[in-house]
Amino acid sequence: MSKITSQQQPSIPPTFNLGGDIIINRLGYGAMRLTGQPGNFGPYADWEGGQNLLRRAVELGVNFIDTAEAYGPGFNEELIASALHPYPSHLAIATKGGIDKPAPDNIRANGSPENLRRGCEASLQRLKVDRIDLYQLHRPDPNVPFAESVGALAELQREGKIRHIGLSNVTLNQLEEARKIVAIASVQNRFSIRDRTHVDILNYCTQNAIAFIPYGSLDAHPLKRGAPLADAGGNLREIGDRYNVKTNQIALAWLLHYAPNIILIPGTTTISHLEENIAAASIQLTPDEIASLEDVS
């Protein structure tokens, strides 16, 4: 992995052109936490509070919201629609399909063409849209040929039900295979300042103008509360104190500096944390600070 040297000038491009025709502010919002607990299962307990948070996010300039059929399942998409529909023209909603979730602890990939079609059409109804801006395969299904799953999304795109296609939890080989079938606008894999397992995929996406949407950007577990990087020490804490901000904000700012195609979707259930996360986009780290964060573990 190449390191940023002190001779390079850091900059944070404020937007990314998703799929060549959707200008996205690079600090978005991941809505997964606005679901029932445990296990992100069932409707969100504070429905009105969730609506207020989503509306506040849009007020603060968020124009990219990430959700999935599996969040709820379905209830998260319904909450987004109840809060924001009719959607502002500049707002893009991304969702995912290809997961069966009959219980909080029963999560299974189902990438069959039939299930992806059912899921896409159900998401269209819940989100109250005629076309989904970004529809992502949530997880490859080991029991279904990957090309069949991607081909099903390509067919839905040809029918006008999907604007752009994305992938989540994929390998580099799978990404390359998918691109031989249809244009891929985004990849959503786990990535953070502490977990750079998928840096090869990120680098590939950067080179090919594909959006990279890291989940777990603050090291959170998808089925558990809390964000470990919010309480980090070391260089994150030291630099945060220097800017009078929290360590989670420095961790997000570092990601924005890391690659121009990264779109962040930190999730939260409080407006105060939402405002903190969005403020991270304004933090301009110095080259020396960026270099010092390369070895965070």
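Residues numbered from 1 in each chain as written. Predicted model: local features only at pLDDT ≥ 70, side-chain atom pairs only at ≥ 80, totals over all residues. Heavy atoms only, no water.

Here's the deal with the confidence of the model for the chain
Selection criterion: pLDDT: the predictor's confidence for each residue, scored from 0 to 100. Here, two residues are considered to be in contact whenever any of their heavy atoms come within 4.5 Å of each other.
Looking at the chain as a whole, the pLDDT averages 94, with 96% of positions reaching at least 70. Low pLDDT, under 50, characterises residues 1-9; the predicted model gives this stretch 14 contacts beyond four residues in sequence or across chains.

A few points about the sheet that holds strand β10 (residues 186-188)
For the record, the criterion: A pair of strands is treated as paired once DSSP finds two or more bridges between them. Strands are runs of DSSP state E lasting at least 2 residues, helices are runs of H or I lasting at least 4, and numbering of each runs from the N terminus.
The seven strands are arranged β3-β4-β5-β8-β9-β10-β11 in an open sheet whose pairing can be described as parallel. Of all the strands in the sheet, just β3 (29-30) and β11 (211-212) have a single pairing partner and so form its edges. As paired elements, β3 and strand β4 (residues 64-66) share two bridges and run parallel to each other. By the bridge assignment, Y29 is partnered in β4 with I65.

Some words on the pattern of salt bridges
When charged atoms on two side chains of opposite charge get close, those side chains can pair. Definition in use: Think of a salt bridge as a Lys or Arg side-chain nitrogen and an Asp or Glu carboxyl oxygen that are within 4 Å of each other.
One pass over the structure, following the stated rule, counts 19 salt bridges. Linking E59 and R56 is a salt bridge whose minimum nitrogen-to-oxygen distance equals 3.2 Å. Taken together, the positions of E59 and R56, both in helix α1 (residues 47-59) and three residues apart, correspond to about one turn of that helix. Connected through salt bridges with shared partners, the residues E69, E77, R118 and R126 form a single ionic network.

With respect to the pairing of strand β2 (residues 22-25)
Rules: Each residue is placed in one exposure class: buried if its accessible area under a 1.4 Å probe, protein chains only, is under 20% of its type's maximum, exposed if it is over 50%, and partly exposed if it falls in between.
Burial of β2 is one-sided: the residues I22 and I24 facing one way are buried, the residues I23 and N25 facing the other way are not. Here strand β1 (residues 15-18) pairs with β2 via four bridges, running antiparallel. The residue of β2 that forms the bridge with N17 is I23. Between the end of β1 and the start of β2, which pair antiparallel, lie three residues, with G19 showing a positive phi angle near 65°.

Focus: the packing of aromatic side chains
Applied cut-off: For Phe, Tyr and Trp, rings pair up if their centres lie within 6.5 Å, where Trp contributes its six-membered ring, and each pair is then called stacked (planes under 30 degrees apart), edge-to-face (over 60) or tilted (otherwise).
Scanning the model with the defined rule gives three aromatic pairs in all. Between F191 and F212 the ring centres are 5.8 Å apart and the planes differ by 85°, which places this aromatic pair in the edge-to-face class. Here F191 is found in the loop between β10 and α6 (199-207), whereas its partner F212 is found in strand β11, with 21 residues between them in sequence. The class for F191 is buried, based on a relative accessible area of 0%. We classify F212 as buried; its relative accessible area is 0%. Through a chain of ring-to-ring contacts, three or more aromatic side chains come together here, namely F191, F212, W254 and Y258.

Here's the deal with the pairing of strand β6 (residues 99-103)
Bridging between β6 and strand β7 (residues 106-109) involves three bridges; their strand directions are antiparallel. Bridge pairing in β7 places I99 opposite A109. Between β6 and β7, which pair antiparallel in sequence order, lie two residues.

Description of the environment of L27
Structurally, L27 is set in the loop between β2 and β3. Classification of L27 as buried rests on a relative accessible area of 7%. When the C-alpha positions of L27 and L264 are compared, they lie 4.9 Å apart, and in sequence the two are 237 residues distant. Contacts of L27, omitting those with residues within four sequence positions, involve V62, L256, L264, P266, N277, I278, A280 and A281.

Thoughts on unusual backbone geometry
In terms of backbone geometry, most residues other than glycine have negative phi values and most peptide bonds are trans. With an omega dihedral of -10°, the bond running from G72 to P73 counts as a cis peptide bond. Its place among the elements puts P73 in the loop between β4 and α2 (75-84). Cis rather than trans, the peptide bond between H85 and P86 has omega equal to 0°. Relative to the helices and strands, P86 is located in the loop between α2 and β5 (92-97). The backbone of N40 sits at a positive phi, close to 55°, despite the residue not being glycine. Along the chain, N40 falls in the loop between β3 and α1. A relative accessible area of 2% means that N40 is categorised as buried. Residue N169 is not a glycine yet carries a positive backbone phi of 60°. Position of N169 among the secondary structure elements: in the loop between β9 (162-168) and α5 (172-179).

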